[in-house]
Amino acid sequence: GFNNGADIGMWLSKFYGYTRATDSTLLDLVEAEKYQNNAYDNIKVTEGLEIEGYGQSLWGGELSGFLTPKQDGDYVFYLAADDEAELWLSTDDNTENLALIADRRQAGGYRKYTAGWDDSETLDQPGRSLSISLKAGQRYAIKALVRDGVESYKNQRSNHLSVACRFGNEAAPVDGAEPIANEY
């Protein structure tokens, strides 16, 4: 697990509306003038490393904060998202050192870390990191990006991004597992 120590223990969600969403990528989001200028349309604080039910279509979002592991060890991070998502982790608390550790280029259901929209669908690329060694008490910057590019899928407005992890030799998070909580 993680402990934010002196941190307030919140994740910051920034939302960016954009018009080229149906055929755009996350690269289009991060290269957009709005994103470059930090000119978000909406911002909110979340209690877990998750965006759920934003209520809009054709948007992009950034979820960011800091992790402080409670114990030394190897961690594997998992993404569940609609549509595509990326997860970035720094080697320290400097956001300039963020590096891509996981990406998910295929839409999946809410908190479905290893499956697609339902249990019958499998993912070509499940969106998990390699094992990453983290030190207890060290603060790490983390950022997740998500792009929602269609009005609806299977008659549902999904709009979500969840980040979960496992420690050491623990099993992967089951579909439906809670995201990383604010105390981390």
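Sequence order sets the numbering: in each chain, residues are counted from 1 along the sequence as written. Local features are withheld for residues below a pLDDT of 70 in this predicted model, meaning they are given only at 70 or higher, and side-chain atom pairs are given and counted only at 80 or more; totals for whole chains, interfaces and linings count all residues. The side-chain numbers reported here are obtained from all heavy atoms of the structure, hydrogens and water having been left aside.

Here we look at the pairing of strand β6 (residues 84-89)
Turning to step 1, where the next piece is worked out: Exposure is judged per residue with a 1.4 Å probe applied to protein chains only, and the accessible area is read against the type maximum: over 50% gives exposed, under 20% gives buried, and values in between give partly exposed. Per the convention used, a helix needs a DSSP run of H or I reaching at least four residues, while a strand needs a run of E reaching at least two, with both numbered from the N terminus. In terms of residue burial, β6 counts as a mostly covered element, since five of its six residues are buried.
Turning to step 2, where the next piece is worked out: Of the pairings in the sheet, the one linking β6 to strand β9 (residues 140-148) comprises six bridges and is antiparallel in character. Note that in β9 the partner of glutamate 84 across the bridge is arginine 147.
Turning to step 3, where the next piece is worked out: Where β6 meets strand β7 (residues 99-104), five bridges bridge the pair, whose relative direction is antiparallel. Residue tryptophan 88 lies in a different strand from β7, and its bridge partner there is leucine 100. We treat two strands as partners when DSSP finds at least two bridges between them.

Comments concerning the confidence of the model for the chain
Turning to step 1, where the next piece is worked out: pLDDT gives the predictor's per-residue confidence on a scale running from 0 to 100. Looking at the chain as a whole, the pLDDT averages 79, with 74% of positions reaching at least 70.
Turning to step 2, where the next piece is worked out: When the elements of the chain are averaged for pLDDT, strand β1 (residues 11-17) gives the smallest value, 76, and strand β8 (residues 132-134) the largest, 96.
Turning to step 3, where the next piece is worked out: Contacts are residue-level and defined by heavy atoms, with any inter-residue pair within 4.5 Å sufficient. Scored below 50 in pLDDT, residues 3-8 shows 16 contacts in the model against residues more than four places distant or in partner chains.

Section: the side chain of glutamate 62
Turning to step 1, where the next piece is worked out: Mapped onto the elements, glutamate 62 comes out in strand β4 (residues 59-67).
Turning to step 2, where the next piece is worked out: Charge counting treats Lys and Arg as positive and Asp and Glu as negative, with His and both chain ends excluded. For salt bridges, the criterion is a side-chain nitrogen of Lys or Arg within 4 Å of an Asp or Glu carboxyl oxygen. Despite being buried, glutamate 62 has no salt bridge partner; lysine 14 is the closest side chain of opposite charge, sitting 4.4 Å away.
Turning to step 3, where the next piece is worked out: Those residues in contact with glutamate 62 that lie beyond four places of it in its chain are Leu12, Ser13, Lys14, Tyr35, Lys143, Ala144 and Leu145.

Topic: the nonpolar core
Looking at soluble globular proteins, one finds that nonpolar side chains tend to be buried together.
Turning to step 1, where the next piece is worked out: In this text, buried Ala, Val, Leu, Ile, Met, Phe, Trp, Tyr and Cys residues form a nonpolar core when linked through side-chain atoms within 4.5 Å. Grouped together as the largest cluster of nonpolar side chains are 26 residues, with contacts concentrated most on Phe77, Leu87, Leu89, Ile142, Leu161 and Val163.
Turning to step 2, where the next piece is worked out: For this core, the secondary-structure elements that each account for two or more residues are β1, β4, β5 (73-82), β6, β7, β8, β9 and β10 (160-167).
Turning to step 3, where the next piece is worked out: Judged by nonpolar contacts, the second largest core, of six residues, contains Tyr78, Ala80, Tyr113 and Ala177.

Digging into the environment of isoleucine 142
Turning to step 1, where the next piece is worked out: Within the secondary structure, isoleucine 142 sits in strand β9.
Turning to step 2, where the next piece is worked out: Distance from isoleucine 142 to asparagine 94, taken between C-alpha atoms, is 9.6 Å for residues 48 residues apart in sequence.

Some points on the side chain of glutamate 84
Turning to step 1, where the next piece is worked out: Tracing the backbone through its elements, the reader meets glutamate 84 in strand β6.
Turning to step 2, where the next piece is worked out: The class of glutamate 84 is buried, set by a relative accessible area of 7%.
Turning to step 3, where the next piece is worked out: Nitrogen and oxygen atoms within 3.5 Å of one another constitute a polar contact, given that in protein one can donate a hydrogen and the other can accept it, and given that sequence-neighbouring residues count only through two side-chain atoms. Within polar-contact distance, the side chain of glutamate 84 engages the backbone nitrogen of leucine 26 at 3.2 Å.
Turning to step 4, where the next piece is worked out: Here the side chain of glutamate 84 touches arginine 147 through a polar contact of 2.9 Å, side chain to side chain.

As for unusual backbone geometry
Turning to step 1, where the next piece is worked out: Despite not being glycine, asparagine 38 has its phi angle at roughly 55 degrees, a positive value.
Turning to step 2, where the next piece is worked out: You can see asparagine 38 is positioned in the loop between α2 (33-36) and β2 (42-46).
Turning to step 3, where the next piece is worked out: Accessibility expressed as a relative area gives 38% for asparagine 38, which makes it partly exposed.
Turning to step 4, where the next piece is worked out: Its identity as a non-glycine residue notwithstanding, arginine 111 has a phi of 55 degrees, on the positive side.
Turning to step 5, where the next piece is worked out: Looking at where arginine 111 falls in the secondary structure, it is placed in the loop between β7 and β8.

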